[in-house]
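Take a look at the letters that make up each chain.
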Amino acid sequence: MVTDEVWKLPAIVNRFLSYRAAIPMAQEQIGVMMSILKSREQPVASFLDLGCGDGILGAAVLGEYPAARGVLADFSEPMLAQAREQLKDYADQLIFENLDYGNPDWVDRMRVYSPFDAIVSGYSIHHQADARKQEIYQEIFSLLSPGGWFVNIEHVFSAAQLNIDLFENHYVMARYAIEQRNGGTRTLDELAREYKNRPDKDANILAPVELQCDWLRKTGYEEVDCYFRIYELAVFAGRKPK
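Just so it is clear, the structure is predicted and the values come from calculations on it, not from any experiment. (Residues numbered from 1 in each chain as written. Predicted model: local features only at pLDDT ≥ 70, side-chain atom pairs only at ≥ 80, totals over all residues. Heavy atoms only, no water.)

A. Summary view of the side chain of Ser 124. With respect to the helices and strands, Ser 124 occurs in the loop between strand E4 (116-122) and helix H6 (130-143). Only 2.5 Å separates the side chain of Ser 124 from the side chain of Tyr 101, close enough to count as a polar contact. Residue contacts for Ser 124: discarding those within four places in its chain leaves Leu 50, Gly 51, Tyr 101 and Glu 154. (Helix = DSSP H or I, 4+ residues; strand = E, 2+ residues; numbered from the N terminus. Polar contact = N/O pair within 3.5 Å; in protein donor to acceptor, adjacent residues only side chain to side chain. Contact = heavy atoms within 4.5 Å.)

B. The confidence of the model for the protein, seen in detail. Mean pLDDT for the protein: 89, with 90% of residues reaching 70 or above. Confidence over residues 5-17 falls short of pLDDT 50; this stretch has 31 contacts with residues more than four positions distant or in other chains. (pLDDT = per-residue confidence, 0-100.)

C. Fine view of the packing of helix H2 (residues 26-37) against helix H3 (residues 56-64). Interaxial distance between H2 and H3 falls to 11 Å at its minimum, and their mutual angle equals 45°. The angle between the axes of H2 and H3 places the two elements in the oblique class. Considering how the two elements wind past one another, H2 and H3 form a crossing that is right-handed. Of the residues in H3, those touching H2 at Ile 30, Met 33, Met 34 and Leu 37 are Ile 56, Leu 57, Ala 60, Val 61 and Glu 64. (Axes fitted to C-alpha atoms, helices over the stretch in contact; angles between N-to-C directions. Parallel < 35°, antiparallel > 145°, perpendicular 65-115°, else oblique. Left-handed = near helix turned anticlockwise from the far one by under 90°.)

D. Highlighting the packing of aromatic side chains. Here the structure, examined in full by the defined rule, presents 9 aromatic pairs. With 6.4 Å between their ring centres and 45° between their planes, Tyr 137 and Trp 215 make a pair best called tilted. Here the residue Tyr 137 occupies a position in helix H6, and Trp 215 occupies one in helix H9 (residues 209-219), the gap between them amounting to 78 residues. Note on Trp 215: relative accessible area 8%, which makes it buried. Their ring planes at 50° and their centres at 6.4 Å tell us that Phe 167 and Tyr 171 sit as a pair that is tilted. In this pair, Phe 167 and Tyr 171 both sit in helix H7 (residues 161-181), 4 residues apart, roughly one turn of the helix. By the burial criterion, Phe 167 is buried, and Tyr 171 matches it. What links up through ring pairs into an aromatic cluster is the set Tyr 137, Phe 141, Phe 150, Trp 215, Tyr 221 and Phe 236. Over the face of the ring belonging to Phe 141 we find Lys 240, whose NZ or CZ atom lies 5.0 Å from the ring centre. (Phe/Tyr/Trp six-rings, centres within 6.5 Å; stacked < 30°, edge-to-face > 60°. Buried < 20%, exposed > 50% of the residue type's maximum accessible area, 1.4 Å probe, protein only. Lys NZ or Arg CZ within 6 Å of the ring centre and 35° of its normal.)

Here's what the structure looks like:
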């Protein structure tokens, strides 16, 4: 099976969603994303959640901008099903697209809905090869309105093994706490082995956040920076010139 195909399997999707709370400072990361978007002079009227998963980032945007219209795109139908259910109260404002943005043709499908005031993505683009990442950032740039923001909440490469180890320990300990609260019986060692051998691990192609910010600058984004980082997780962003 192609490694990124695991995200089309309901069992993998459900496992990921059940352990979202183990992601360190997940709420703070979304809070940083929203602080960036709120720096705009005008409200976000249109947005794209790329690799939307269960729609949590789109939900955050709608929470601040309840009149916004959005497109939620993902190649995993189980994820899109979760997003449709989570955001059913906004169904009239949303379009759900099953597409693979690893294929450059995706941008043509999105032009119908563009330009977007904001394009957000969470833990998704790191599944693409580095050359394709750069192309995606260029494609996103072409879909933004002047002054529009691209915000990426992402799993990034760490040069320090200690940083990788700290992240793994934090995640496994948090999962263990969740297990205990839910009456689970698995040990820390069992959870650590599961994490090391997780089926989606090989789908990760991590790149340094500093390098990715350079790609954004070369594309033409301004105000590019890493706005938040903890361990191997980062929020970086750039704005299309006004």
